[in-house]
Amino acid sequence: MVIDGHNDLVLHAWRGEPSLHLDLDVARRVGFAGGFFALYIPSPPAVHPREIPYAMPLPDPVPYEAAAPLAEELFATLCALPVRRATSTADFVEGEIAAIVHMEGAEAIRSDLANLGDWYERGLRSIGLVWSRPNAFAEGVPFEFPASPDTGPGLTEAGRALVGACNELGILVDCSHLNEAGFWDVAALTSAPLVATHSNAHALCPATRNLTDAQLDAIRDAGGIAGVNFAVSFLREDGRNAPSETGIDEIVRHVVYLVERMGVDHVGFGSDFDGAEVPPELGGVGGLPRLLDALRAAGFGDGELEKITHGNWLRVLGATWR
Ligand code: ZN
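By convention here, each chain's residues receive numbers from 1 onward along its written sequence. Under the rules for a predicted model, residues below a pLDDT of 70 receive no local features and side-chain atom pairs below 80 are neither given nor counted, while totals for whole chains, interfaces and linings still include all residues. As a rule here, side-chain values come from all non-hydrogen atoms in the structure, and water together with hydrogens is ignored.

Visitor: What should I look at first to understand the overall build of the chain in this one?
Guide: Counting secondary structure elements, the chain contains 11 helices and 11 strands. The C-alpha radius of gyration of the chain comes to 18 Å, within 12% of the 20 Å expected for a compact globule of 322 residues. If one aligns the C-alpha atoms of the chain with their principal axes, the spans along those axes are about 50 × 40 × 40 Å. Only protein chains enter the accessibility calculation, which uses a 1.4 Å probe; a residue whose area is less than 20% of its type maximum is buried, one above 50% is exposed, and one in between is partly exposed. Counting over 322 residues, the chain shows a buried share of 59%. Contacts: residue pairs with any heavy atoms within 4.5 Å of one another. Counting contacts in the chain only where the partners sit at least 6 residues apart, residues at least 24 apart contribute 76% of the total. Of the accessible surface of the chain, which amounts to about 11700 Å², a share of 52% is contributed by carbon and sulfur atoms. Looking at charge distribution, the chain has the averaged site of its 22 positive side-chain charges lying 3 Å from that of its 44 negative ones. Helix and strand definitions follow DSSP, with helices as H or I runs of at least four residues and strands as E runs of at least two, each counted in order from the N terminus. Radius of gyration means the value over C-alpha atoms here, while the globule rule gives 2.2 Å times the residue count to the 0.38 power. The Shrake-Rupley method, run with a 1.4 Å probe, gives the accessible areas here. Residue values count only the displayed protein chains as cover. Only four residue types enter the tally: Lys and Arg on the positive side, Asp and Glu on the negative side, with His and both chain ends excluded. Here the site of a charge means atom NZ of a Lys, CZ of an Arg, CG of an Asp or CD of a Glu.

Visitor: It is not clear to me how the coordination of the zinc ion should be interpreted in this structure. Could you clarify?
Guide: Expected angles at a metal are 109.5 degrees for tetrahedral coordination by four donors and either 90 or 180 degrees for octahedral coordination by six donors. Note on the zinc ion: its protein donors are Glu 104 (OE), His 177 (NE2) and His 198 (NE2). The metal-donor distances range over 2.0 to 2.2 Å. Metal coordination here is assigned from N, O and S atoms located within 2.8 Å of the ion, or within 3.2 Å for Na, K and Ca; omission of water means that sites may look incomplete. As a motif over one chain, the donors of the zinc ion read E-x72-H-x20-H. On the criterion of sequence distance, the pair formed by Glu 104 in strand 5 (residues 98-104) and His 177 in the loop between strand 8 (172-174) and helix 6 (180-189) is long-range, its members being 73 residues apart. Judged by relative accessible area, Glu 104 falls into the buried class, the value being 4%.

Visitor: Please clarify how helix 5 (residues 157-169) should be interpreted in this entry.
Guide: Note on helix geometry: an α-helix contains 3.6 residues per turn, so any two residues three or four positions apart are oriented the same way. Here, expected helix span is obtained from the residue count minus one, scaled by 1.5 Å. The terminal C-alpha atoms of helix 5 lie 18 Å apart, and with 13 residues this matches the ideal 18 Å at 1.5 Å per residue to within 8%. When helix 5 is considered as a whole, its buried residues turn out to be Ala 158, Gly 159, Leu 162, Val 163, Ala 165, Cys 166 and Asn 167.

Visitor: I keep staring at the packing of helix 6 against helix 7 (residues 213-221) and nothing clicks. Help me out?
Guide: Close contact between helix 6 and helix 7 brings their axes to 11 Å; oriented N to C, the two are set at 20°. On the basis of the axis angle, helix 6 is roughly parallel to helix 7. Crossing of helix 6 over helix 7 shows left-handed handedness. Between helix 6 and helix 7, the contacting residues are Glu 180, Phe 183 and Trp 184 on the first element and Ala 214, Gln 215, Ala 218 and Ile 219 on the second. All amino acids are sorted into three groups, where Ala, Val, Leu, Ile, Met, Phe, Trp, Tyr, Cys and Pro are nonpolar, Asp, Glu, Lys and Arg are charged, and the leftover types, Gly among them, are polar. A class-by-class count of the residues in the contact of helix 6 with helix 7 yields five nonpolar, one polar and one charged. Here the axes come from fitting lines to C-alpha atoms, over the contacting stretch only for helices, and the angles between their N-to-C directions go from 0 to 180 degrees. We call two directions roughly parallel when the angle between them is under 35 degrees, roughly antiparallel when it is over 145, roughly perpendicular when it lies between 65 and 115, and oblique otherwise. What makes a crossing left-handed is the near helix being turned counterclockwise from the far one by less than a right angle; a clockwise turn instead makes it right-handed.

Visitor: Looking at this structure, how should I read the pairing of strand 1 (residues 2-7)?
Guide: Consecutive residues of a regular strand have side chains that alternate between opposite faces of the sheet. Across the six residues that make up strand 1, a large majority, six, are buried. The pairing criterion is simple: DSSP has to find at least two bridges between the two strands. Pairing of strand 1 with strand 2 (residues 32-39), which is carried by three bridges, proceeds in the parallel orientation. Its bridge partner lying in strand 2, Asn 7 is registered against Phe 37.

Visitor: Any chance you could explain the nonpolar core here in plain terms?
Guide: A general feature of soluble globular proteins is that nonpolar side chains tend to end up buried together. The set of buried Ala, Val, Leu, Ile, Met, Phe, Trp, Tyr and Cys residues whose side-chain atoms join them within 4.5 Å is what this entry labels a nonpolar core. With 92 residues, the main nonpolar core has Ile 109, Phe 230 and Leu 291 as its most contacted residues. Here the element with the most residues in this core is helix 9 (residues 248-262); it accounts for eight residues. Sequence-distant contacts of Ile 109, defined by excluding residues within four places in its chain, comprise Tyr 64, Met 103, Asn 115, Leu 116, Trp 119, Leu 124, Ile 127 and Phe 137. If you look at the next biggest cluster of nonpolar residues, it comprises 13 residues, including Phe 36, Ala 86, Ala 98 and Ile 225.

Visitor: Please clarify how the environment of Gly 182 should be interpreted in this entry.
Guide: Following the sequence through the fold, Gly 182 ends up in helix 6. Between the C-alpha atoms of Gly 182 and Val 83, which are 99 residues apart in sequence, the distance is 33 Å. Beyond its immediate stretch of four places on either side in the chain, Gly 182 contacts Pro 153, Gly 154 and Leu 155.

The analysis is restricted to geometry; functional conclusions fall outside its scope.
Below is the structure:
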């Protein structure tokens, strides 16, 4: 069974496009039991640069008034998918798919948090404070390579209040896309395990979207988890978005590093299926058995793979949700 930290299937379904990586029938066949399904309010599309180094500007903020109706549409799209919504770890069952309702960027939450409880009632169980742009709560990292994730200010007062309210309700707070100052603010404030749903090791691929060793150590010390992102440009040492030159071994390289740094209890998958280009050798969800074979070949045993594929996510969700 695989539980996964991030996919963008909802965005494709909302646009009426077919899935690139996450065919749900294939997913069921290979033991993909679901995970975080993002509600992502799109910024105007930017072409991911092929040149290295790159430094993309931060997109403009999306105001609440624009984000709220889009989030409704995205949520309705998720509800129409043939998956159950996960609000308890017991919802993850072999052979079925459960979706954690996850906001990737909290733009649809009012800055006074007045509608947070409503969203909780409807099943929201995870919030990434930001996507890679500023909002009322925090600031995301711009896409830059090579560069530190320390790119801007930390949480706003509203952001600090949102972390506290999430802790109280039992909503997971996701630090992927957050800049480093914001990450340390969350680390100091939260009473839940620290989570980065889809970020890799900065030591292996120095993109702003990846986690420094100090951040990895903090996640370990807080009993948290980092989900390994399969996006080519966050895997490769040279940062290039070069799928045809990138194999599954690049994913294995990050899993090995994260396990060596944090221990096997703090590493999971955060595929970014349907949100990024992944190695063609993986292809999509149907390639997960090939990834597991590659991890076995790299020396991981069944007990370790059980933790990486789903056990660690279940532990962190169980410690976070009420
Ligand atoms: Zn993302």
